[in-house]
Amino acid sequence: MRITVLTGAGISAESGLATFRAVDGLWENHRIEDVATPQGFAADPALVHRFYNMRRATAAGARPNAAHHALVDLARHHDLTLVTQNVDSLHEQAGSTDVIHMHGALTGALCAACGHRWPAPLEMRPDDPCPACARPATRPDIVWFGETPFHLDRIWDALDRTELFAAIGTSGNVHPAAGFARHARRRGAECLELNLENSANARDFHRRIVGPASRTVPEWVA
Ligand code: BJW
């Protein structure tokens, strides 16, 4: 069966990585405009680097949970396209291959001046020179608000063809990912949501499984 899975911060919550919109989430202590927009980066690059250096350090100590592992099993038996909004590497650590990181990755650095990409060190600073053009324009290779997510052509193509679309641990607040269920449903796919609570786009799904991902995803895949 052709299956497309979209994961969000909720799948990594039980691995110890904070989600964004929970009461104790990342947006509680950080203003979105300051740390997750190109304008915020232009105004205070050191603040943005501190935020992502902290995220990189936390992610380095995290291990995949049963939900990440279950998706590796799913790919063994189905034609799976795995799309994640997450910037951690827990899907890869669990053994998933060809993961589509639509919002980028903590492991990537990008030169805002020349577009060169290279592996990010654990600590990044605004004055780090680009290895290609030597200009001090280093930024995390992350998709911020107002920027275009990566690999959208491949994602829309998978959604056009998928028979089943499943969204795991995402609040449905951020576009274009929040529109994937509706798009797949219009193309005839069955749509399933696995989440602790109702997402903002819960009505776009045919079926919902409520509970922690480390339990619901292995049960669903089995
Ligand atoms: C559990 C659990 C457990 C917890 N088990 N579940 C259309 C309409 C309105 C606005 C727009 C629109 N189109 C574009 C916009 C603007 C904007 C946008 O969406 N704004 C909204 C806020 C209104 N979008 C953009 O700017 C995007 N770009 C764009 O659209 O370009 C234009 C374009 C579109 C199409 C084609 C061409 C061009 C870019 C968005 C970039 C998002 N970036 C961030 C930060 C960077 C990454 C990072 O630092 O990590 O990405 S924001 C943040 O939100 C992060 C996440 O990937 C993203 C989604 O969050 P997620 O994963 O859903 O987390 P939470 O915390 O919200 O939810 C967690 C969920 O898990 C909850 O539901 C819990 O219940 C659940 N849960 N524990 C199961 N154990």
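Residues numbered from 1 in each chain as written. Predicted model: local features only at pLDDT ≥ 70, side-chain atom pairs only at ≥ 80, totals over all residues.

## Side note on the site of the ligand
The line we're drawing: The rule is simple: place the C-beta atom from the backbone, and if it lies within 6 Å of a molecule or strand, the residue is near it. Three categories are distinguished: nonpolar for Ala, Val, Leu, Ile, Met, Phe, Trp, Tyr, Cys and Pro, charged for Asp, Glu, Lys and Arg, and polar for the others, with Gly belonging to the last. Where each domain begins and ends is defined by an automated method or by a domain database.
Among the 35 residues in the neighbourhood of the ligand, the closest are listed as Gly-8, Gly-10, Gln-85, Ser-171 and His-175. Partitioned by chemical class, the residues of the shell around the ligand number 16 nonpolar, 15 polar and 4 charged. Taken domain by domain, the makeup of the shell around the ligand includes at least three residues from each of domain 1 (1-17 + 63-103 + 148-222) and domain 2 (24-61 + 107-142).

## Quick look at the domain arrangement of the protein chain
Condition: What counts as a contact is two residues whose backbone-derived C-beta atoms lie within 7 Å of each other.
Each assigned domain of the protein chain is listed with its residue range as follows: domain 1 (1-17 + 63-103 + 148-222) and domain 2 (24-61 + 107-142). Computed over C-alpha atoms only, the centres of domain 1 and domain 2 are separated by 26 Å. Counting from both sides, the interface comprises 5 residues of domain 1 and, opposite them, 4 residues of domain 2. Partitioning the side of domain 1 that touches domain 2 into residue classes produces 2 nonpolar, 2 polar and 1 charged.

## Observations regarding the UniProt feature "binding site: Zn(2+)" (unreviewed entry) in the protein chain
So the rule is basically this: UniProt positions are given in the numbering used here, feature names are shortened, and annotations may be inferred rather than shown by experiment. Three exposure classes are used. Buried residues have 20 or more other C-beta atoms within 10 Å of their own C-beta, exposed residues have 12 or fewer, and partly exposed residues fall in between, all C-beta atoms being placed from the backbone.
Feature annotation in UniProt assigns "binding site: Zn(2+)" (unreviewed entry) to the following positions: Cys-111, Cys-114, Cys-130 and Cys-133. With the annotated positions falling across 23 residues, the maximum pairwise C-alpha distance of 8.5 Å places them together in a single cluster. Cys-114 sits in the exposed class, given 12 other C-beta atoms within 10 Å. Once you skip the residues sitting within four places of it in the chain, Cys-114 turns out to touch Cys-130, Ala-132 and Cys-133.

## Thoughts on the sheet that holds strand β1 (residues 2-7)
For clarity, the threshold we go by: Strands are treated as partners if at least two bridges between them are detected by DSSP. Numbering goes from the N terminus for both helices and strands, where a helix is a DSSP run of H or I of at least four residues and a strand is a run of E of at least two. Axes here refer to lines fitted to C-alpha atoms; in helices the fit is confined to the stretch in contact. Angles between the N-to-C directions go from 0 to 180 degrees.
Across the sheet, which stays open at both edges, the 6 strands sit in the order β3-β2-β1-β7-β8-β9 with parallel pairing between neighbours. Where the open sheet ends on each side, the last strands, each with one partner, are β3 (100-101) and β9 (207-210). Both β1 and strand β2 (residues 79-84) contribute to a ladder of 6 bridges, which runs parallel. Within the sheet, the bridge partner assigned to Ile-3 lies in β2 and is Leu-80. Helix α6 (residues 66-77) rests against β1, β2 and β7 (164-168) of the sheet, and its axis sits at about 150° to β2.

## Some points on the nonpolar core
Put simply, the rule reads: Nonpolar cores are built from buried Ala, Val, Leu, Ile, Met, Phe, Trp, Tyr and Cys residues. These are joined into a set through C-beta atoms within 7 Å.
Counting 30 residues, the largest nonpolar core has Val-5, Phe-165 and Ile-168 as its most contacted members. Those elements giving two or more residues to this core turn out to be β1, α6, β2, α8 (152-161), β7, α9 (180-186), β8 (190-195) and α10 (213-221). Excluding residues within four positions of it along the chain, Phe-165 makes contact with Thr-4, Leu-159, Phe-180, Ala-181, Ala-184, Ala-189 and Cys-191. Within the second largest apolar cluster, 15 residues are counted, among which are Val-48, Tyr-52, Ala-59 and Ala-120.

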